Amino acid sequence: EQIFGYKKELNNKYVERGIESEDFAIDFAIQVLDLPFAIKNETAFEDDHFTGTPDLIVGDVVYDIKCSYSCFTFPYLEKEIPNSDYYAQLQAYMHLTGKRRACLTYVLLDNELIGHTYEVEPLKRIKTFEFDYDPAVIEKLIERVEESRKFLESLI
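Within each chain, residue numbers correspond to sequence positions counted from 1 in written order. The model is predicted, so local features are restricted to residues of pLDDT at least 70 and side-chain atom pairs to those at 80 or more, both for listing and for counting; the totals for chains, interfaces and linings are taken over all residues. No hydrogens and no water enter the side-chain calculation; it runs on all heavy atoms of the structure.

Caption draft 1: Quick look at the pattern of salt bridges. A side-chain nitrogen of Lys or Arg and a carboxyl oxygen of Asp or Glu constitute a salt bridge if their distance falls within 4 Å. Evaluated as defined, the whole model comprises eight salt bridges. We note a salt bridge from Lys40 to Glu22, for which the minimum N-O separation is 3.3 Å. Taken together, the residues span a long stretch of sequence, with Lys40 in the loop between helix H1 (13-32) and strand S1 (45-46) and Glu22 in helix H1 at a distance of 18 residues. Residue exposure (1.4 Å probe, protein chains only): buried if accessible area is under 20% of the type maximum, exposed if over 50%, otherwise partly exposed. Exposure remark for Lys40: the relative accessible area of 26% places this residue in the partly exposed category. The salt bridge involving Asp64 is made with Lys66; its shortest N-O contact spans 2.7 Å. When salt bridges with common partners are traced through the structure, they connect Glu22, Asp23 and Lys40 into a single cluster. Labels follow the DSSP assignment, with helices taken as runs of H or I lasting at least four residues and strands as runs of E lasting at least two, numbered in each case from the N terminus.

Caption draft 2: Expanded view of the side chain of Ser70. Looking at where Ser70 falls in the secondary structure, it is placed in the loop between strand S4 (61-67) and helix H2 (84-97). On the basis of relative accessibility, which here comes to 4%, the residue Ser70 falls in the buried class. Once residues lying within four places of it in the same chain are set aside, the contact partners of Ser70 are Leu108, Ile114, His116 and Tyr118. Any two residues whose heavy atoms approach within 4.5 Å at even a single point are treated as in contact.

Caption draft 3: Local environment of the side chain of Arg17. Mapped onto the elements, Arg17 comes out in helix H1. Under the relative-accessibility criterion, Arg17 is labelled buried at 7%. With sequence-adjacent residues up to four places away left out, Arg17 is seen in contact with Cys67, Ser68, Tyr69, Leu109, Asp110 and Asn111.

Caption draft 4: Layout of the pairing of strand S5 (residues 101-107). Within S5, six of the seven residues are buried, leaving the element largely enclosed by the surrounding structure. For two strands to be treated as a pair, DSSP must find no fewer than two bridges joining them. Sheet topology note: the S4/S5 ladder contains seven bridges and is parallel. In the sheet register, Ile65 faces S5, and the bridge partner there is Thr105. Where S5 and strand S6 (residues 126-132) come together, seven bridges link them in antiparallel fashion. Across the sheet, the residue bridging to Cys103 is Glu130, located in S6.

Caption draft 5: Quick look at the confidence of the model for the protein. The predictor attaches a confidence to each residue, called pLDDT, with possible values from 0 through 100. Across the protein, the average pLDDT comes to 92, with 100% of residues at or above 70. Across the protein, the secondary-structure element scoring lowest on mean pLDDT is H1, at 90, and the one scoring highest is S1, at 98.

Caption draft 6: Structural context of unusual backbone geometry. Look at Asp34: it is not a glycine, yet its phi comes out positive at around 55°. Looking at the secondary structure, you find Asp34 in the loop between H1 and S1. A relative accessible area of 61% means that Asp34 is categorised as exposed. For Phe37, which is not glycine, the phi dihedral falls at a positive 65°. Tracing the backbone shows Phe37 in the loop between H1 and S1.

Have a look at this one:
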């Protein structure tokens with residue numbers, strides 16, 4: 001993007017599903033997790049290294065809601081976060097907001113586009129991974145940002 005002036009748009013059926021279902025997934029998570037007085041966060045946060053908009057900020061916790069494409073991509077049985085990028089994303093959100101606890105919450109919604117309607121109780125349609133702020137992760141991410149900036153400068 002910096003060199004040629006074009007930004008690559010990430011676009012596939014999984015991303016489209018998440019974008020189309022985001023508001024409903026957030027509302028579903030608020031209801032099932034019983035998060036009183038929670039509303040979708042619209043505030044973007046930014047510093048010299050990171051930018052981001054957590055889906056929810058409730059008390060001292062930031063939430064990011066992921067809408068699974070189907071029951072086959074829903075991490076119901078997983079004990080660890082299936083995508084480490086999301087762990088880093090939430091670490092950055094905590095750093096930006098000053099919060100020290102995060103919840104990565106996967107939601108399984110019906111998907112009429114592919115004919116999946118799930119007759120499963122709401123609590124089985126939610127999978128949450130909770131974790132604390134880790135300053136060592138932030139230090140590594142800042143190092144990566146700085147290394148990337150230096151590399152980019154060497155190309156321009």
